[in-house]
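Single-letter residue listing:
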Amino acid sequence: MTSATSVPVRELPAVRREDRGVPFLGRAFAYAKDPVALFQRQWEHYGPVAPLPILGDRWVMLLGPDACQAALTNRDKAFANGPAWTRLVGPFFHRGLMLLDFEEHHLHRRIMQEAFTRPRLEGYAAGMHPAIERGLATWPDTDPAYRTYPALKQLTLDVAADIFMGGAEDSTPQEMEQVNRAFIACVQSASALVRKDLPFTRWGRGHRGREVLERWLRHYLPSRRARVTDDLFSQLCHIETEDGERFSDDDVVNHMIFLMMAAHDTSTITLSTMMQYLGQHPEWQERCRGESDALSARTSDRPTLTELDSLTSLDLVMRECLRLRAPVPVVVRRAVKDVVVEGVRIPAGTFVTVAAQFSHLMPELWTDPTAFDPERFSPERREDKSHRFAWEPFGGGVHKCLGMFFAGMEVTAVMHHLLRSYEWSVDPSYVAPLDNRSLPFPKDGQPVDLRRRAVR
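Quick summary incoming for the structure in this document. Treat the numbers as computed from the prediction; the structure is a model and nothing was measured. (Residues numbered from 1 in each chain as written. Predicted model: local features only at pLDDT ≥ 70, side-chain atom pairs only at ≥ 80, totals over all residues. Heavy atoms only, no water.)

1. A few points about the overall build of the protein chain
In terms of helices and strands, the protein chain carries 16 helices and 14 strands. Whereas a compact globule of 456 residues would reach a radius of gyration of roughly 23 Å, the protein chain reaches 22 Å, a difference of no more than 12%. Counting only C-alpha atoms and orienting by the principal axes, one finds that the protein chain spans roughly 65 × 50 × 45 Å. Per-residue burial for the protein chain yields a buried fraction of 57% across its 456 residues. (Helix = DSSP H or I, 4+ residues; strand = E, 2+ residues; numbered from the N terminus. Rg over C-alpha atoms; globule rule 2.2 N^0.38 Å. Buried < 20%, exposed > 50% of the residue type's maximum accessible area, 1.4 Å probe, protein only.)

Right under this line is the structure:
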């Protein structure tokens, strides 16, 4: 047995009767209803290592930055990604980077990071502006209740198609809508109650979605293998390490499906959260718009990566929104050997939920943690430095999100164009009704009072 700490070892506490939930499903409904409330209850009843009956399996929830750090840094290699994510979404994101472990993960990550170097990110930044401009051109001039979440999701998918696919040149709008639905089906399969490939089930829709995505990508694979272009698909087909390691066709397809899901789903959630809070805090919207207007006056409406990095107020807002509503509120692992975390023994075979979102809202780490306060990330305050894992929207350790800088660049670029093109407001009392069954998204489509700017 390995030990993540040197404190006396205790056994995992028994689940209280009132915390058992319903048969088989356990606490699944409690999580779907209000994950943050469930985190708080688990913390109060059990502390940082909390038993969690869910979906008929033995789970443990890790809460607080110390417990999360133990799993994410994984110094003893006691936790594995693949068995846990496979339990939730394995057939649909088969052999994506997130589902690989240890030496195999290290090899694939080493190859893939060649596609996310600074020079390549600069190329992606230049390439995404036309897609953003085309997408925003379809938004209305005025709409008092414009549903921004689906509009942003279509926009980020179009950006992903341009940057990752080189434009998906012969895909019709109908095919792209089918691709969007396929991604949704794959992501939402995580909350399936019936985990068999049967008609009219989430799991079955996930299988059909995966088939759609594989056919779509394999259609383009020969052309991307035949020539080197700037899009990510082509890069994955051709990049290799100094030792000559390259991806197979199956590797490329598997990684593309996972990367495109991660790129447009998580970015959409972040963008919709930013639109909500900027709509409810007009002083911050004007502050960010002022920086974007000034940047465009000095340069152009298509800023470079370095110029996007200069939009410091947008960066503060983005960080705060990632804290308040992490696009991936939990990540999962499975213990592959007995391990001790915060003095509690977690037996081999236990599934583990690492609840990063809870750390983001702990009053021990943050001033007035539920308030929208981007200045908490300013150089003068840096509340995120209260603990190395106080703020972890991109995970940590060897599995820390490889695309985090791409994601930040994309979100900043979209928001820059939005601020230049539109003004919007949101009722200060509005609370987004989140669907938490997979990644959190607003069930009402995130309505805002949208108005195109008359003068730019």
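This is not the end of the story, as more comes after the structure.
2. Some remarks on the state of the cysteines
Under the definition given, this model contains zero disulfides. No disulfide involves C68; its nearest neighbouring cysteine sulfur is the one of C401, lying 17 Å away. Classification of C68 as buried rests on a relative accessible area of 0%. Accessibility expressed as a relative area gives 33% for C401, which makes it partly exposed. (Disulfide = S-S within 2.5 Å.)

3. Points about helix 12 (residues 282-298)
Given a rise of 1.5 Å per residue, 17 residues ought to cover 24 Å, and the 24 Å separating the end C-alpha atoms of helix 12 matches this to within 8%. Within helix 12, the full set of buried residues consists of W284, Q285, C288, R289, S292, L295 and S296. An end-on view of helix 12 places all buried positions within 130° of arc, on one side of the element. Away from the buried face of helix 12 by more than 90 degrees, exposed residues A297 and R298 are located. Considering only its buried residues, helix 12 is in contact with helix 11 (249-280), helix 13 (305-309), helix 14 (312-324), helix 16 (404-421) and strand 11 (422-425). (Expected span 1.5 Å × (residues − 1). Arc of directions from axis to C-beta. Contact = heavy atoms within 4.5 Å.)

4. Re the sheet that holds strand 5 (residues 79-80)
Taken together, the five strands give an open sheet; going across it, the order is 3-4-10-7-5, and neighbouring strands pair in mixed fashion. Two strands in the sheet have a free side with no partner beyond their single neighbour: strand 3 (49-54) and strand 5. Bridge count for strand 5 against strand 7 (residues 331-335) is two bridges, and the pairing is antiparallel. Residue pairing across strands places F79 opposite A335, the latter belonging to strand 7. With respect to the sheet, helix 4 (residues 82-89) is in contact with strand 4 (57-62), strand 5, strand 7 and strand 10 (351-354), its orientation differing from that of strand 7 by roughly 125°. (Pairing = 2+ DSSP bridges. Axes fitted to C-alpha atoms, helices over the stretch in contact; angles between N-to-C directions.)

5. Observations regarding the layout of surface pockets
In this structure, the second largest pocket occupies an estimated 740 Å³ of space. Forming the boundary of the second largest pocket are 30 residues, of which R319, W391, F394, M404 and F405 lie nearest the centre. Put simply, the parts of the chain that give the lining of the second largest pocket at least two residues each are helix 6 (118-137), helix 13, helix 14 and helix 16. Residue contributions to the lining of the second largest pocket peak at five residues, all from helix 16. (1 Å grid on protein atoms, 1.4 Å probe; cavity = no way out; pocket = protein on both sides within 12 Å on 5 of 7 lines; lining within 4 Å. Points joined across faces, edges and corners; volume = space filled by probe spheres on them.)

6. Thoughts on a positive patch on the surface
A cluster of basic residues, R75, K385, R388 and K400, forms a positive patch at the surface. Examined against the element boundaries, K385 turns out to sit in the loop between helix 15 (356-360) and helix 16. (Patch = residues over 30% accessible without salt bridge, like charges linked within 9 Å, V, L, I, M, F, W, Y side chains within 5 Å. Areas by Shrake-Rupley, 256 points an atom, 1.4 Å probe, with all protein chains shown as cover. Salt bridge = Lys/Arg side-chain N within 4 Å of Asp/Glu carboxyl O. Lys, Arg positive; Asp, Glu negative; His and termini not counted. Charge placed at Lys NZ, Arg CZ, Asp CG, Glu CD.)

7. Notes on the side chain of R333
Residue placement: R333 occurs in strand 7. No salt bridge is formed by the buried R333. Its closest oppositely charged neighbour is D101, at 6.4 Å. Side-chain polar atoms of R333 contact the side chain of N81, separated by 2.7 Å. Residues in contact with R333, not counting those within four places in the same chain, are L72, F79, A80, N81, A84, W85, T350, F351, V352, V354 and H399. (Polar contact = N/O pair within 3.5 Å; in protein donor to acceptor, adjacent residues only side chain to side chain.)

8. Description of the packing of helix 11 against helix 14
Between helix 11 and helix 14, the least distance of the axes is 9 Å, while the angle of their chain directions is 110°. Between helix 11 and helix 14, the angle is such that the two are roughly perpendicular. Between helix 11 and helix 14, the contacting residues are T270, T273, M274, Y277 and L278 on the first element and L314, V317, M318, C321, L322 and L324 on the second. (Parallel < 35°, antiparallel > 145°, perpendicular 65-115°, else oblique.)

9. Comments concerning the pattern of salt bridges
Under the counting rule described, the total for this entry stands at 37 salt bridges. A salt bridge links R246 to E240, with the nearest nitrogen and oxygen atoms 3.8 Å apart. Here E240 falls in the partly exposed class, since its relative accessible area comes to 41%. Taking the shortest distance from any N to any O, the salt bridge between E286 and R289 comes out at 2.5 Å. Residue E286 and its partner R289 are located together in helix 12, separated by three residues, close to a single helical turn.

10. What about the environment of V332?
Assignment of secondary structure puts V332 in strand 7. Measuring from C-alpha to C-alpha, the distance between V332 and A84 comes to 5.8 Å, with 248 residues separating the pair along the chain. The residues contacting V332, other than those within four sequence positions of it, are W59, N81, A84, W85, L88, V352 and T353.

11. Thoughts on the pairing of strand 7
When you tally the buried positions in strand 7, you get four out of five residues, the bulk of the element. Bridging between strand 7 and strand 10 involves four bridges; their strand directions are antiparallel. By the bridge assignment, V332 is partnered in strand 10 with T353.

12. Regarding the environment of H129
Tracing the backbone shows H129 in helix 6. Considering only alpha carbons, one finds H129 and L271, 142 residues apart in sequence, at a separation of 16 Å. For H129, the side chain forms a polar contact with the main-chain oxygen of A125, separated by 3.4 Å.

13. Looking at the packing of aromatic side chains
Going through the model one piece at a time under the given rule, you end up with 14 aromatic pairs. Here the aromatic rings of W43 and F358 are separated by 5.3 Å at their centres, their planes lie at 45°, and the arrangement is tilted. Taken as a pair, W43 in helix 2 (residues 35-46) and F358 in helix 15 lie far apart in primary sequence, 315 residues in all. Judged by relative accessible area, W43 falls into the partly exposed class, the value being 26%. Look at F358 and you get buried, because its relative accessible area is 6%. Each ring, one from W216 and one from Y220, has its centre 6.2 Å from the other, and the planes form 85°; the classification is edge-to-face. In this pair, W216 and Y220 both sit in helix 9 (residues 202-226), four residues apart, roughly one turn of the helix. Comparing W216 with Y220 shows no difference in burial state: the two are buried. Chaining the aromatic ring pairs together yields one cluster made of W366, F377, W391 and F394. Its end group placed over the ring of W366, R323 keeps NZ or CZ at 5.2 Å from the ring centre. (Phe/Tyr/Trp six-rings, centres within 6.5 Å; stacked < 30°, edge-to-face > 60°. Lys NZ or Arg CZ within 6 Å of the ring centre and 35° of its normal.)

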